[in-house]
Amino acid sequence: MKRFCFKTIPVLILTPLCLLFLESCKPKTAQSAAGGDASKSYIAPGKYDEFYNVVSGGFNGQVAVYGIPSGRLFRIIPVFSQSPESGYGFSEETKPMLNTSHGFVPWDDQHHIALSQTRGEHDGRWVFANGNNTPRIARIDLHTFRTAEILEIPNSAGNHASPFITENSEYVLAATRFSVPLDDQNGDVPINTYKKNFKGSISFISIDAVSGEMNIAFQIRTPGVNFDLSRAGKGVSHGWFFVSCYNSEQANTLLEVNASAKDKDFIMAINWKKAEEYLKAGKAKKQAVRYAHNVYDEKTHSATSTIKTEVSVLDPADCPDMLYMIPCPKSPHGADVDPTGEYIVASGKLAATIPVFSFTKIQKAIADHAFDGEYDGIPVLKYEAALHGEVVKPGLGPLHTEFDGKGNAYTSMFVSSEIVKWNIKDLKVLDRVPTYYSIGHLSIPGGPTAKPHGKYVIAYNKITKDRYLPTGPELTQSAQLYDITGEKMKLLLDFPTTGEPHYAEAIPASMIMSKQKKIFKIEENMHPYAAKGEGQVKVERSGNQVHVRMTAIRSHLTPDNIEGVRVGDEVYFHVTNLEQDWDVPHGFAIKGANNAEILIMPGETQTLKWKADRSGIFPFYCTDFCSALHQEMQGYIRVSPAGSNVALLFSTGTNKPAVTTPDKTPADTSNK
Ligand code: CUA
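Summary of the structure given here. Quick caveat: nothing in here was measured; it's all calculated off a predicted structure.

About the cut-offs
Within every chain, residues take consecutive numbers counted from 1 along the sequence as written. Two thresholds apply to this predicted model, a pLDDT of at least 70 for residue-level local features and 80 or more for giving and counting side-chain atom pairs, whereas whole-chain, interface and lining totals are computed over all residues. With hydrogens and water excluded, all non-hydrogen atoms of the structure serve as input to the side-chain values. The way it works is a 1 Å grid over only the protein atoms, where trapped points that fit a 1.4 Å probe form a cavity and open points with protein on both sides within 12 Å along at least five of seven lines form a pocket, and then any residue with an atom within 4 Å of a point lines it. Grid points are joined across faces, edges and corners, and a volume is the space filled by probe spheres set on the points. Helix and strand definitions follow DSSP, with helices as H or I runs of at least four residues and strands as E runs of at least two, each counted in order from the N terminus. Only rings of Phe, Tyr and Trp enter the pairing, Trp through its six-membered ring, and a pair is recorded when the two centres are within 6.5 Å. The plane angle decides the type: under 30 degrees is stacked, over 60 is edge-to-face, the rest tilted. A 1.4 Å probe rolled over the protein chains alone gives each residue an accessible area, and that area as a share of the maximum for its type sets the label: buried under 20%, exposed over 50%, partly exposed in between. We count a charge as sitting over a ring when the NZ of a lysine or the CZ of an arginine lies within 6 Å of the ring centre and within 35 degrees of the ring normal.

1. Some words on the layout of surface pockets
So, step 1. Of the volumes computed, that of the largest pocket is approximately 1500 Å³.
So, step 2. As for the largest pocket, its lining consists of 44 residues, and the residues nearest its centre are Arg75, Thr144, Phe145, Gln516 and Trp582.
So, step 3. Among the elements of the structure, strand S1 (51–56), strand S3 (73–77) and strand S9 (146–152) are those that each provide at least two residues to the lining of the largest pocket.
So, step 4. Here the lining of the largest pocket gets four residues from one element, more than from any other, and that element is S3.

2. Focus on unusual backbone geometry
When glycine is set aside, most residues are seen to have a negative phi, and most peptide bonds are trans.
So, step 1. Pro163 follows Ser162 through a cis peptide bond whose omega is -10°.
So, step 2. Position of Pro163 relative to the elements: it lies in strand S10 (residues 161–165).
So, step 3. Cis rather than trans, the peptide bond between Thr558 and Pro559 has omega equal to -5°.
So, step 4. Along the chain, the position of Pro559 falls in the loop between strand S37 (556–558) and strand S38 (561–566).
So, step 5. Positioned with a positive phi, Asn247 is a non-glycine residue whose angle comes to about 60°.
So, step 6. The topology assignment puts Asn247 in the loop between strand S15 (240–246) and helix H4 (255–258).
So, step 7. Despite not being glycine, Asp321 shows a phi value in the positive range, around 65°.
So, step 8. Mapped onto the secondary structure, Asp321 falls in the loop between strand S18 (302–314) and strand S19 (323–329).

3. Examining the packing of aromatic side chains
The geometry of an aromatic ring pair comes down to the distance between the two centres and the angle between the two planes.
So, step 1. According to the stated counting rule, one finds 22 aromatic pairs in the structure shown.
So, step 2. Seen in terms of ring centroids, Tyr171 and Phe204 are 5.6 Å apart; in terms of plane orientation they differ by 90°. Their pairing is edge-to-face. Within this pair, whereas Tyr171 is found in strand S11 (residues 171–175), its partner Phe204 is found in strand S12 (residues 200–207), the two being separated by 33 residues in sequence. Considered together, Tyr171 and Phe204 belong to a single accessibility category, that of buried residues.
So, step 3. An aromatic cluster is built from Tyr171, Phe204, Phe218, Phe241 and Trp272, whose rings are joined through pairwise contacts.
So, step 4. The side chain of Lys518 reaches across the aromatic face of Trp582, ending 4.5 Å from its centre.

Dropping the structure here:
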């Protein structure tokens with residue numbers, strides 16, 4: 001009975017059966033029944049999760065934060081997409097964050113994240129995130145869980161192979177998915193001149209050790225291939241990057257066939273220490289480009305966008321010993337480096353084995369010139385000379401590999417829907433568990449670092465058909481949490497996810513939770529339109545612009561009566577939240593606004609722009625349930641016809657205008 005119960009019935013059907021036959025069906029170990037381990041993911045009220053799980057949002061352009069092991073969603077951080085929930089990308093202060101050389105781009109496709117590291121370990125400072133579509137890298141500050149900076153990447157199209165971080169956060173790497181004619185070339189060329197005119201670019205973005213500010217230190221110009229994923233070397237392989245590339249055929253149409261013609265593509269090995277030497281020696285050429293650099297200032301509570309016009313480029317032809325190609329079975333996807341830095345795992349999504357390369361062997365092959373010709377001038381290492389070995393019959397469609405720090409690797413198998421655990425040294429498969437269904441990325445806390453925290457592996461699945469309540473034509477994606485503390489992986493929890501998760505990382509809660517910013521100090525508020533107390537409230541006209549310096553505190557807005565606005569005016573509501581208590585935001589919204597609400601944190605000032613398009617009375621109110629009298633937190637603005645001479649007046653708490661400001665426009669000098 002026990003055998004039948006737990007070896008042959010799919011794990012998840014078991015839960016109700018087990019409840020029915022609790023006595024006879026009790027598993028020897030919790031291993032077989034997911035339900036038996038549900039308590040391991042239950043976080044009782046008053047207790048905290050062990051890990052923050054920072055998860056890419058895919059086509060929602062945002063980053064989500066879940067608790068592990070509970071799977072509870074805590075926050076969606078607006079990054080590349082406007083967020084009507086917070087006003088990000090709608091408020092005047094945050095609009096510049098979404099500026100690019102193409103103008104305002106309010107959406108992106110967010111695939112991978114990278115947590116900052118020091119000495120190969122998580123340091124809990126920043127999250128880097130890529131925008132795939134209009135190439136950008138964002139930096140999120142883990143003190144505020146807010147986007148602090150966005151940098152556009154020139155000479156790139158489809159910023160997929162990014163962001164990948166070095167072990168002291170020296171650089172974040174961003175490699176282009178699509179090769180394209182370079183930004184300073186005439187791109188108006190026939191598409192079938194790909195081989196002649198299309199080039200690849202790999203950007204090295206330096207990270208300021210104190211402020212975290214990003215800067216494109218240099219780019220490497222590469223043959224026109226498609227870059228897919230990457231990892232930095234660490235430990236023994238510090239100073240190197242490994243980037244998977246496909247379409248070495250340089251096809252420009254029907255890639256599903258034409259980019260799989262050759263038996264092998266490549267992992268590109270980049271000696272970035274060498275690249276730094278070439279940069280210092282003046283080998284880089286300056287290229288004229290245009291890209292936006294957007295920075296959010298916590299003191300002014302405002303972002304600025306600067307267009308930069310130059311990038312330094314290293315050409316491999318001038319820089320020998322900087323790049324090498326390692327042959328890899330058909331269309332490699334993940335290129336993952338183990339915690340020691342010695343082993344590089346390449347997952348060929350169409351391959352039947354998982355090749356594992358040895359950094360020591362790669363170095364020896366380079367020293368011995370064990371080359372197999374060149375690819376576009378770059379030496380190609382002999383496959384066998386670089387190879388540690390192959391994992392044989394791991395499963396179907398290997399995509400990504402994470403590590404537990406105990407000598408084991410865990411590879412996601414998209415086609416066979418499973419996670420396969422194997423030993424890095426002897427390459428033997430040790431365990432496999434099903435995922436429901438079609439796993440893409442997977443994440444072990446600290447998995448990409450030199451010291452994984454281990455304990456769990458989380459699967460991010462693409463398909464949930466027959467597992468979740470159906471919701472019309474589109475179903476949710478899901479994540480699954482497995483306990484990996486024992487020899488066998490055990491399914492603990494299954495939870496829906498927001499957006500379409502790609503890569504994720506998890507970091508111990510203890511590294512971040514005590515460092516949270518709780519308020520912005522009102523006395524440090526440098527916003528040019530801040531009202532740091534109700535005495536500083538003002539309404540001023542300048543041409544057809546009306547600037548309202550408003551304050552919010554439980555439970556009123558000051559001013560809450562405004563008159564003298566005219567049709568055609570642009571009204572800027574600069575709302576300062578005077579609260580100095582944790583978690584007391586106030587919101588602001590006004591009827592007919594063509595944007596969204598703004599949600600203002602304690603001590604912060606944010607601005608909503610509103611166009612008075614008709615005369616009448618327009619209510620505004622606080623949108624965040626801030627107190628028992630939240631519903632009373634409201635006001636009115638009176639809009640008069642264009643050319644009217646109703647004076648600009650504002651007040652709170654008096655039934656008549658309390659203060660008047662002399663109006664500078666001649667039409668408005670008189671009033672009743
Ligand atoms: Cu302030 Cu509701």
